[in-house]
Amino acid sequence: MSTTIHDQLKDYYGKVLSQSSDLQTNACCCDAEAMPASVKAILGRIHPEITERFYGCGSPIPPLLEGMTVLDLGCGTGRDAYLLSGLVGEAGRVIGVDMTDEQLAIARKHVDHHAEAFGHARSNVEFRQGFIEDLGEIGIADDSVDIVVSNCVINLSPDKPQVWREIARVLKPGGKMVLVSFGFGTHWFNRFWYWLARVFPALLTNCRPVRMNQTVSLAGFHNLQVEYISQNTFPSDIVVAEK
């Protein structure tokens, strides 16, 4: 289901960017000091090639993940997927999804490194290439995931309502999505709007706060909570909702 927007995003994140400092905005930044101690300890074991190519804008890592199946949408080079790998333990499972060849190549290159770093007999992480708007195409089954996370990715989708529907489909009853995103509150709007208009103008569809909240509810989520965060100089939202 590749579109012109998908192609532009793949080119930007796969070919234009080679490290975090190449980004055209400080929207994608994350203060590691704000992380819980347990997460920071795992972050210190993530391979440097992965942390140097991290383009997220926060840390959508919920607590109490032992033994769970977690899906990371727009996993990039795998920083959050590997953090989750250490948190879910050997009995858990992490699936990272991304559409960009170059980023997935780096993520997959370090699978064995992280299994060894976390003391796992075998890796509990897998990376699948595909579109977050069509998770069925890459074999993510109905009611198969406990938690869905995403770090500053869904706001870049050209069809956000379809992403919410897909998340609702793959989550188990009572499952949660935990996102860092833009578009649910008004504090971020002017600054991110101008960057988006300059870099990916076609993505402005369904990116206004009221519309984002409505489409999440229509997909079947409830208990929507939006927490404003400000890391470095750019504000964003942590969004939690239940199926």
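Residues numbered from 1 in each chain as written. Predicted model: local features only at pLDDT ≥ 70, side-chain atom pairs only at ≥ 80, totals over all residues. Heavy atoms only, no water.

Caption draft 1: Broad picture of the overall build of the protein. When helices and strands are tallied, the protein shows nine helices and seven strands. In the protein, buried positions account for 56% of the 243 residues. Pairs at least 24 residues apart make up 77% of the contacts formed inside the protein by residues separated by at least 6 positions. Accessible surface computed for the protein: about 10,200 Å², of which carbon and sulfur atoms make up 50%. (Helix = DSSP H or I, 4+ residues; strand = E, 2+ residues; numbered from the N terminus. Buried < 20%, exposed > 50% of the residue type's maximum accessible area, 1.4 Å probe, protein only. Contact = heavy atoms within 4.5 Å. Areas by Shrake-Rupley, 256 points an atom, 1.4 Å probe, with all protein chains shown as cover.)

Caption draft 2: Main features of the packing of aromatic side chains. As enumerated under the stated definition, the model contains one aromatic pair in all. Between the aromatic rings of Y82 and F127, the centroid separation amounts to 5.5 Å while the plane-to-plane angle is 65°, which identifies the pairing as edge-to-face. Placement of the pair is Y82 in helix α4 (residues 79–88) and F127 in strand β3 (residues 125–129), with a sequence separation of 45 residues. Comparing Y82 with F127 shows no difference in burial state: the two are buried. Positioned above the aromatic ring of F54 is the side chain of R79, whose terminal nitrogen or guanidinium carbon lies 3.7 Å from the ring centre. (Phe/Tyr/Trp six-rings, centres within 6.5 Å; stacked < 30°, edge-to-face > 60°. Lys NZ or Arg CZ within 6 Å of the ring centre and 35° of its normal.)

Caption draft 3: Region of interest: the side chain of T77. Within the secondary structure, T77 is located in the loop between β1 (69–73) and α4. We classify T77 as buried; its relative accessible area is 3%. Of note is the side chain of T77, whose polar atom sits 3.3 Å from the backbone oxygen of R53. Aside from chain neighbours lying at most four places away, what touches T77 is I50, R53, Y82, Q103, I106 and A107. (Polar contact = N/O pair within 3.5 Å; in protein donor to acceptor, adjacent residues only side chain to side chain.)

Caption draft 4: Broad picture of the environment of K176. You can see K176 is positioned in strand β5 (residues 171–181). On the accessibility criterion, K176 (33% relative accessible area) is partly exposed. Once residues within four sequence positions are removed from consideration, K176 is found in contact with D146, I147, V148, L171, V240, A241 and E242.

Caption draft 5: Quick peek at unusual backbone geometry. Even without being a glycine, L64 presents a positive backbone phi close to 55°. Its place among the elements puts L64 in the loop between α3 (48–51) and β1. Looking at L64, the relative accessible area reads 76%, which means it is exposed. Residues other than glycine seldom take positive phi values, yet N223 does so here, at roughly 55°. Inspection of the secondary structure assignment puts N223 in strand β6 (residues 222–231).

Caption draft 6: Examining the nonpolar core more closely. By size, the foremost hydrophobic cluster in this structure holds 32 residues, and its most contacted members are I46, L65, V70, Y82, L83, L84 and F127. Among the elements that make up this core, the one with the highest residue count is α4 (six residues). In terms of nonpolar packing, the next biggest core, distinct from the first, is built from 26 residues, L73, L135, M212 and A241 among them. (Core = buried A, V, L, I, M, F, W, Y, C linked by side-chain atoms within 4.5 Å.)

Caption draft 7: A look at the environment of M68. Relative to the helices and strands, M68 is located in the loop between α3 and β1. C-alpha separation for the pair M68 and G89, spaced 21 residues apart in sequence, amounts to 8.5 Å.

Caption draft 8: Examining α4 more closely. With nine of ten residues buried, α4 is to be regarded as a mostly interior element. Restricting attention to buried positions, one finds in α4 the residues R79, D80, A81, Y82, L83, L84, S85, L87 and V88.

Caption draft 9: Layout of the pattern of salt bridges. In this structure the tally under the stated criterion is eight salt bridges. The residue E49 makes a salt bridge to K109 at a minimum N-O spacing of 2.9 Å. Placement of E49 in helix α3 and of K109 in helix α5 (residues 101–109) is noted, with a sequence separation of 60 residues between them. Classification of K109 by relative accessible area gives exposed; the value is 52%. Shared partners join several salt bridges into a network, and the residues in it are R93, E126 and R128. (Salt bridge = Lys/Arg side-chain N within 4 Å of Asp/Glu carboxyl O.)

Caption draft 10: Quick look at the pairing of strand β2 (residues 93–98). Of all six residues in β2, five are buried; the element is thus mostly enclosed. The pairing of β1 with β2 spans five bridges and is parallel. Counterpart to D72 in the pairing with β2 is G96. With five bridges connecting them, β2 and β3 associate as parallel partners. By the bridge assignment for β3, G96 is matched with F127. (Pairing = 2+ DSSP bridges.)

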